[in-house]
Number of protein chains: 2
Amino acid sequence: MATLQNIKVAVDAVVFGYKDKTLNILLIKRNIAPYKNSWALPGGLVLENESLEKAVERELKEETNVTVDYLEQLYSFGKPDRDPRNRVVSITYFALVKPEHHTIKADTDANDVAWFDINKLPELAFDHKEIINIAKKRLQGKLTYEPIGFDLLNTKFLFSDLEKLYMTILQKQIDRRNFRKKILSFNILEELDERVSEGRGRPANLFKFNKKQYFKHKKDGFLFDIK
Amino acid sequence: MATLQNIKVAVDAVVFGYKDKTLNILLIKRNIAPYKNSWALPGGLVLENESLEKAVERELKEETNVTVDYLEQLYSFGKPDRDPRNRVVSITYFALVKPEHHTIKADTDANDVAWFDINKLPELAFDHKEIINIAKKRLQGKLTYEPIGFDLLNTKFLFSDLEKLYMTILQKQIDRRNFRKKILSFNILEELDERVSEGRGRPANLFKFNKKQYFKHKKDGFLFDIK
DNA sequence: ACAAAAGTGTTGTCCGTACACCCATGT
DNA sequence: ACATGGGTGTACGGACAACACTTTTGT
């Protein structure tokens, strides 16, 4: 082989949160070159003896103070020139959090951290815009065949929240009656004996996702599927 | 940071071929430690200035003499101890070939290369068994919502070939009449004016996959979908 | 003439979709 | 009493699943 390989391995995370009826992404402001003062995905180099998942979790904790509710590998990026300094292969992750459960906090390095509406993103460092696009597609796809929407809502939620979340992420109208009928038919929700009034209008019932029940049904061959 | 990072980046490929009515995987016999003389997935370290895809294609050409018909990234593996020598992160790929279009040939290093029935795999090096399991699931999934089965058949094929391929990979019975009706309704096949006799029985018509037509329909919102 | 594989149509069921009115509360 | 959001049932149509007989060839 011509030369010894010297490629760095990094991880980056696309963290989604659903806030104020919009889909948000967690970004940090870089305080080192290159792309100093640009916004970027949280992430960094993998340590010598840590797994990829651990690396993501560590970087997220360090840079944003967030612990994720759902994490899965997204895709790996390795174009030779994606980092201007030296070659970096980045293994990216897809994560979901319940924003109200966490207080984001910038690093000691005085970076900034913030949630951005996915439709109002700033300029991004490296190829991070492309990574986000892929993550968005993954989210839209997964939402239809796995019950991951619940990882974006509070533990107790209104049916209308779930409905709005689906409409926001899938970017289409959904019929309220058919949607409720479908979801309820899966028998994976617990209807709580609590009602909440959203200012005006009839108070709505709170629901809880019953994960255990979901896995039981899944083992029996049931398929979660929302058009 | 504690120590400088020294992680190697490799690529490995799970290459599927459909031969003799069975699903096969392309393996090489290692001739260096560790796992000397074990069977393993083709792959190797990424060169300093080559993209990940190029690395896979180069390794496949070098180690097996195969050029793939379909290639996509599968998953990345990075447990700290997956390679006993030093830390290697492997970005794995999922590939399809038409076996009859290629002559496999072992490396100058006198490795061996062979197709293995996926149900009769030998012991495998590293975590390659796990990688193959994930690739198999990907293949089963993709087959139902993208027309990738055609990348495993000859350019001209019989309907019964397609049908058997689906039954073999999905491991279930398929009704011949409903299957044919469904596929034909997609309007992505060309019926050729050639018949082939398979020894005994009524000669069958040859078909060709019309990829252009497929992409045209796809742009118009058509979805390939086989239950 | 028989064995083997290819080719083809109809019917019932279920699921998805479309759609509108009443209910409980706050102001 | 009115405005606002919550909760619910029915009817139609299309897609999928189940199912069996005829055709063409080789032996």
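Residues numbered from 1 in each chain as written. Chains lettered and ligands numbered in written order. Predicted model: local features only at pLDDT ≥ 70, side-chain atom pairs only at ≥ 80, totals over all residues. Heavy atoms only, no water.

Taking an unreviewed UniProt entry as the reference, chain A is identified by name as NUDIX domain-containing protein belonging to Spongiivirga citrea. Heading Sequence similarities (unreviewed entry) of the UniProt record for chain A holds this comment: "Belongs to the Nudix hydrolase family." (UniProt positions renumbered as here; feature names shortened; annotations may be inferred.)

Undergrad: For this particular structure, what's the right way to read the overall build of chain A?
TA: For chain A, the helix and strand inventory stands at 5 helices and 10 strands. Each of the three principal axes of chain A carries a C-alpha extent, and together these read 65 × 40 × 30 Å. Going through the 227 residues of chain A one by one, you find that 52% of them count as buried. Expressed as a percentage of contacts within chain A between residues at least 6 apart in sequence, the contacts between residues at least 24 apart total 68%. With an accessible surface of roughly 11,900 Å², chain A has 48% of that area assigned to carbon and sulfur atoms. (Helix = DSSP H or I, 4+ residues; strand = E, 2+ residues; numbered from the N terminus. Buried < 20%, exposed > 50% of the residue type's maximum accessible area, 1.4 Å probe, protein only. Contact = heavy atoms within 4.5 Å. Areas by Shrake-Rupley, 256 points an atom, 1.4 Å probe, with all protein chains shown as cover.)

Undergrad: Please explain the sheet that holds strand 8 (residues 156-158) of chain A as it appears in this structure.
TA: Strand pairing in a sheet relies on backbone hydrogen bonds, with the paired strands running either antiparallel or parallel. All names here are of chain A. Spatially, 3 strands are ordered 8-10-9 in an open sheet, and the strand pairing comes out antiparallel. Every other strand in the sheet has two partners, leaving strand 8 and strand 9 (189-196) as the edge strands with one partner each. This sheet shows a mean twist of 40 degrees between the axes of neighbouring strands, independent of strand direction. Alignment of strand 8 against strand 10 (residues 204-209), held across 3 bridges, turns out to be antiparallel. Within strand 10, the position partnered with Lys156 by the bridge is Lys208. Contacting strand 8, strand 9 and strand 10, helix 3 (residues 159-170) runs over the sheet at an angle of about 75 degrees to strand 8. (Pairing = 2+ DSSP bridges. Axes fitted to C-alpha atoms, helices over the stretch in contact; angles between N-to-C directions.)

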